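Observations on the model geometry
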Amino acid sequence: MSSLQELCSGLPLRPLPENRGRWAGVPHAPVRTPGLSPAEEQLALRNALRYFPPDVQKLLAPEFAQELRLYGHIYMYRFSPRIEMRAYPVQQYPCRTKAAAAIMHMIMNNLDPAVAQFPQELVTYGGNGQVFSNWAQFWLTMSYLSQMTEEQTLVMYSGHPLGLFPSSPGAPRLVITNGMVIPNYSSREEYEKLFALGVTMYGQMTAGSYCYIGPQGIVHGTVLTVLNAGRRYLGVEDLAGKVFVTSGLGGMSGAQAKASVIVGCIGVIAEVDKAALMKRHQQGWLMEVTDSLDQCIKRLREARKTKEVLSLGYHGNVVDLWERLVQELDKTGELLVDLGSDQTSCHNPFNGGYYPVQLGFAEAQSLMASDPATFKKLVQESLRRQVSAINRLAKEKFFFWDYGNAFLLEAQRAGADVEKKGAEKTEFRYPSYVQHIMGDIFSQGFGPFRWVCTSGDPQDLAVTDQLATSVLEKVIAGGVNPAVKLQYMDNIRWIREAAKHRLVVGSQARILYSDQKGRVAIAVAFNQAIAHGKIKAPVVLSRDHHDVSGTDSPFRETSNIYDGSAFCADMAVQNFVGDAFRGATWVALHNGGGVGWGEVMNGGFGLVLDGSQEAEQRAKMMLGWDVSNGDGWPARCWSGNQKAYEIICETMRGEQGL
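Residues numbered from 1 in each chain as written. Predicted model: local features only at pLDDT ≥ 70, side-chain atom pairs only at ≥ 80, totals over all residues. Heavy atoms only, no water.

Which entries qualify depends on this criterion: UniProt positions are given in the numbering used here, feature names are shortened, and annotations may be inferred rather than shown by experiment.
Per an unreviewed UniProt entry, the chain is named Urocanate hydratase, and its organism is Myotis lucifugus. The UniProt entry for the chain carries this comment under Pathway (unreviewed entry): "Amino-acid degradation; L-histidine degradation into L-glutamate; N-formimidoyl-L-glutamate from L-histidine: step 2/3."

Comments concerning the overall build of the chain
We apply this condition: Each helix is a run of H or I in the DSSP string that is no shorter than four residues. Each strand is a run of E no shorter than two, and both are numbered from the N terminus. Burial classes follow relative accessibility: with a 1.4 Å probe on protein chains only, a residue under 20% of its type's maximum area counts as buried, one over 50% as exposed, and anything between as partly exposed. Surface accessibility follows the Shrake-Rupley procedure with a 1.4 Å probe radius. Residue values consider only the protein chains on display as shielding.
When helices and strands are counted, the chain shows 22 helices and 17 strands. Seen through its principal axes, the chain has C-alpha atoms that stretch 70 × 60 × 55 Å. For the chain, the residues scored as buried account for 62% of the 658 residues in total. With an accessible surface of roughly 24100 Å², the chain has 52% of that area assigned to carbon and sulfur atoms.

A word on the confidence of the model for the chain
Parts of the model with low pLDDT should not have their predicted coordinates read in detail. Inclusion rule: Along the chain, pLDDT gives the predictor's confidence residue by residue, from 0 to 100. By definition in these notes, contact holds between two residues if any of their heavy atoms fall within 4.5 Å.
When pLDDT is averaged along the chain, the result is 90, and 95% of the positions lie at 70 or above. Segment residues 637–658 is flagged for pLDDT under 50; beyond a separation of four residues in sequence, or across chains, it makes 22 contacts in the model.

Here we look at the packing of helix α17 (residues 458–477) against helix α19 (residues 516–531)
Operational definition: Between N-to-C directions, angles span 0 to 180 degrees; the directions come from axes that are lines fitted to C-alpha atoms, helices contributing only their stretch in contact. Geometric relationships in this document are graded by angle, where less than 35 degrees denotes roughly parallel, more than 145 denotes roughly antiparallel, 65 to 115 denotes roughly perpendicular, and other angles denote oblique. Should the near helix be turned anticlockwise from the far one by less than a right angle, the crossing is left-handed, and should it be turned clockwise, the crossing is right-handed. Gly counts as polar in this scheme, as do all residues outside two lists: the nonpolar Ala, Val, Leu, Ile, Met, Phe, Trp, Tyr, Cys and Pro, and the charged Asp, Glu, Lys and Arg.
Look at α17 against α19: their axes get within 9 Å of each other, and the N-to-C directions meet at 135 degrees. With respect to their mutual orientation, α17 and α19 come out oblique. The element α17 and its partner α19 pack so that their crossing is right-handed. Residue-level contacts link T464, L467, A468, V471, L472 and V475 of α17 to K517, G518, A521, I522, A525, F526 and A529 of α19. Here the contact of α17 with α19 is composed, by residue class, of ten nonpolar, two polar and one charged.

Quick look at the environment of S455
Cut-off, in case you're wondering: Pairing of N or O atoms within 3.5 Å defines a polar contact, subject to two protein rules: one partner must be a possible hydrogen donor and the other a possible acceptor, and residues neighboring in sequence count only if both atoms are side-chain atoms.
By secondary structure assignment, the location of S455 is in the loop between β12 (447–453) and α17. If we skip the residues at most four places from it in the chain, S455 touches P89, D460 and A537. In terms of polar contacts, S455 uses its side chain to reach the side chain of D460, at 2.6 Å.

Things to note about the domain arrangement of the chain
Many descriptions give the size of an interface as the accessible area lost when the pieces come together. Note the following rule: Here the bounds of each domain stem from an automatic or database domain assignment. Accessible surface is computed with a 1.4 Å probe, and the buried area is the amount of it that two parts give up when combined, taken over both parts together. Any carboxyl oxygen of Asp or Glu that lies within 4 Å of a side-chain nitrogen of Lys or Arg is treated as forming a salt bridge with it.
Splitting the chain by domain gives domain 1 (4–12 + 34–197), domain 2 (215–428) and domain 3 (439–654). Contact with domain 1, which involves eleven residues of that partner, is made by 13 residues of domain 2. Between domain 1 and domain 2 the total buried area reaches about 880 Å² when both faces are included, carbon and sulfur atoms providing 39% of it. Of all residues in domain 1, Y125, G126 and R188 give up the largest surface area on contact with domain 2, accounting jointly for 48% of the area buried on that side. Applying the counting criterion to the domain 1 and domain 2 interface returns one salt bridge.

Quick notes on the nonpolar core
We count it as follows: For the purposes of this section, nonpolar cores are sets of buried Ala, Val, Leu, Ile, Met, Phe, Trp, Tyr and Cys residues that join through side-chain atoms within 4.5 Å.
F52 and W451 are the most contacted members of the largest nonpolar core, which has 138 residues in total. Looking at this core element by element, the count peaks at nine residues for helix α7 (residues 216–234). V243, A389, F428 and F555 belong to the second-largest nonpolar core, a separate cluster that totals 56 residues.

Some remarks on the UniProt feature "domain: Urocanase N-terminal" (unreviewed entry) in the chain
When the UniProt feature table is mapped to this numbering, "domain: Urocanase N-terminal" (unreviewed entry) covers residues 85–211. For residues 85–211, the end-to-end C-alpha separation is 16 Å, with 28% helix and 18% strand making up the annotated structure.

Focus on the packing of aromatic side chains
Selection rule: Pairing of aromatic rings covers Phe, Tyr and Trp, the last counted by its six-membered ring, and requires centre-to-centre distances within 6.5 Å; plane angles under 30 degrees mean stacked, over 60 mean edge-to-face, and any other angle means tilted. Distance and angle both matter: a charge sits over a ring if NZ of Lys or CZ of Arg is within 6 Å of the ring centre and within 35 degrees of the ring normal.
Scanning the model with the defined rule gives 27 aromatic pairs in all. When the ring of Y71 is compared with that of Y77, the centres are 5.5 Å apart and the planes differ by 90 degrees; the resulting orientation is edge-to-face. Given a relative accessible area of 18%, Y71 falls into the buried group. When the centroid spacing of 6.1 Å and the interplanar angle of 55 degrees are considered together, the rings of F449 and W451 count as tilted. Assigned by exposure class, F449 and W451 land together as buried. Three or more aromatic residues joined by ring pairs form one cluster here, namely F132, W135, F138, W139 and Y210. Just above the ring of Y88 sits the side chain of R86; from NZ or CZ to the centre is 4.0 Å. Residue placement shows K258 over the ring face of W285; its charged tip is 5.5 Å from the ring centre.

Concerning the pattern of salt bridges
Using the criterion set out here, one finds 35 salt bridges in the structure. Close ionic contact of R299 with E288 constitutes a salt bridge, the shortest N to O distance being 2.9 Å. Pair noted here: R299 is in helix α10 (residues 293–306) and E288 is in strand β8 (residues 288–290), with a separation of eleven residues, a long-range link. A residue is classified by how much of its surface remains accessible, and E288, at 26% relative accessible area, is partly exposed. Here R392 ties to E396 by a salt bridge, and the two come within 3.2 Å at their closest N and O atoms.

Overview of helix α11 (residues 318–332)
Residues separated by three or four positions in an α-helix point in the same direction, a consequence of the helix having 3.6 residues per turn. Just so we agree on the cut-off: Multiply 1.5 Å by the residue count of a helix minus one, and that product is the helix's expected span.
The terminal C-alpha atoms of α11 lie 21 Å apart, and with 15 residues this matches the ideal 21 Å at 1.5 Å per residue to within 8%. Taken together, the buried positions of α11 are occupied by V318, V319, L321, W322, R324, L325, V326, E328 and L329. Downstream of α11 by a residue or two, G333 has a phi angle that is positive, lying close to 80 degrees.

Quick look at the packing of α11 against helix α14 (residues 372–394)
The N-to-C vectors of α11 and α14 enclose an angle of 30 degrees; their axes lie 9 Å apart at closest approach. Taken as axis vectors, α11 and α14 run roughly parallel relative to one another. Classified by chirality, the crossing of α14 by α11 is left-handed. Judged by residue contacts, V318, V319, W322, E323, L325, V326, L329 and D330 of α11 engage S382, R385, Q386, A389, I390, R392 and L393 from α14. Grouping the amino acids of the contact of α11 with α14 by side-chain chemistry returns nine nonpolar, two polar and four charged.

Digging into unusual backbone geometry
Glycine aside, a negative phi is what most residues show, and trans is what most peptide bonds show. In this structure, P15 follows R14 across a cis peptide bond, with omega equal to 5 degrees. Inspection of the secondary structure puts P15 in the loop between α1 (4–7) and α2 (38–49). Even without being glycine, S158 reaches a positive phi, approximately 45 degrees. Here S158 lies in the loop between β3 (152–157) and β4 (160–166). S158 sits in the buried class, given a relative accessible area of 8%. The backbone of R502 shows a phi angle near 50 degrees, a positive value even though the residue is not glycine.

Structure below.
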């Protein structure tokens, strides 16, 4: 087993590590089909070999060429580290700066097999959310970080470490861009080629920015979404006995099982990949599993009758589940589902993000690689069947929403009946969860703020939980409007119950939804606690890119923007730039994330609190901009301003005699 010292010493070349190929016992990414020409295959090979000296290139060339043929990408399996991949206590990293050690901690968490969806392919979540494009990039990045001083910045081009460059102590230590492709060439087909060539990368949101904190990162958002869906659609505060049906347990979608339990409903989640399903069951996030539709319906009925809190994983295709629910309705007149959504990785539907109901899991993976065109047809047929079943159920008192994974967008492209007559092109028959639920929360400045205790000590996390609770209580005591108070109270309850629900997977991290005032106050409290020794090591502040100002995404985050700018990306870019010169330790700007490549631009940051006065000033300056950049767009008409927009339109129609 390698040591952290060895891991930071550069590529292991003399001798080369043994090529053990793909590991057994861990999930692997589906085979890619980039459709490279012979000349492009040669280019991909040359690009991969550039990380190695000439004598080593001769040994590696045949091996890398075979990887490209077998898997559609050169991952460099030989260089998969033998160290146990996890977030080690920050003081163990051989670095010259605290910031570099904290970044290493975050990188290794993203690749922890307990956290990552496909760890050996460097995919953290979402089916194709890469941390790096290949293992050579990982080794070189770790080496650069170990050497970096407070007057250098490491520059990352889509996974490729360009090098260390002179900068100032106040500049970011790390600047990341992922997928910055010229707009006219930012298509799904071009992406597959460019990724295979090793020149761009899909970093999702927090995979390629090194800020993922495991499925906890979306649990809170899912809890808020389901709770508010109950309030809005069902008119209830108590979800006991209510049934929520959805799909996906692989990466972020694994949060749905835990969220169902926290809100007190019956969650039935379909998953085609048994390994993903059993991983969530073993982690305690999924209470029961079954591969029988009959048993699934039986348990659903039992739990519904007794109002039992349940998270039930169905090992099978969600289309079968939806169609069975329709059969039960038509046969018995009983509607067995109240709320529904979908969290397959539908932003990547033809490369493992969505599996067609007509095929078993292994058969589908094989066809995906051998006959992509036929596979695509089956996926689109499956999407049409899924929507047809949902539409039938929606004629009753059942409510469905799009969870921002491009499900309705891809269903529309497949020819499914999701049209909303007279609507804008970002609207469908069913709403995005941002349009109906999270948009109202975002408009108040509340979004997914998070932190990581780099000591790796659960006691430090407990201290931060206590501090965050105290801070929010003080903010409430100082006077806030009722709507904001409700958000604070929801989050105080969340923090108090967090330990009970065993949310930590990987690093010692926490998430809560907070506004600018709360985020700044929490950051200052943490920094002072570090200075006084109450927290033993630096704390990394971050957030999901899916936040108040981090993302321009017309089919998700900005789907309820009504001034015509939903397809503009100024906000995300300004967020990235503004955070960089206001004190962020690192910044990232990504093409893609959530709804897919070419559909979204998003920015994120990491900010290291080390107890210094400088860290406190950076936090105050940067966190202020990070939120107000989004809230400072009143003309953009978040959901709360839609009424004003409608009044204006009505006035114009009257003036025109329409």
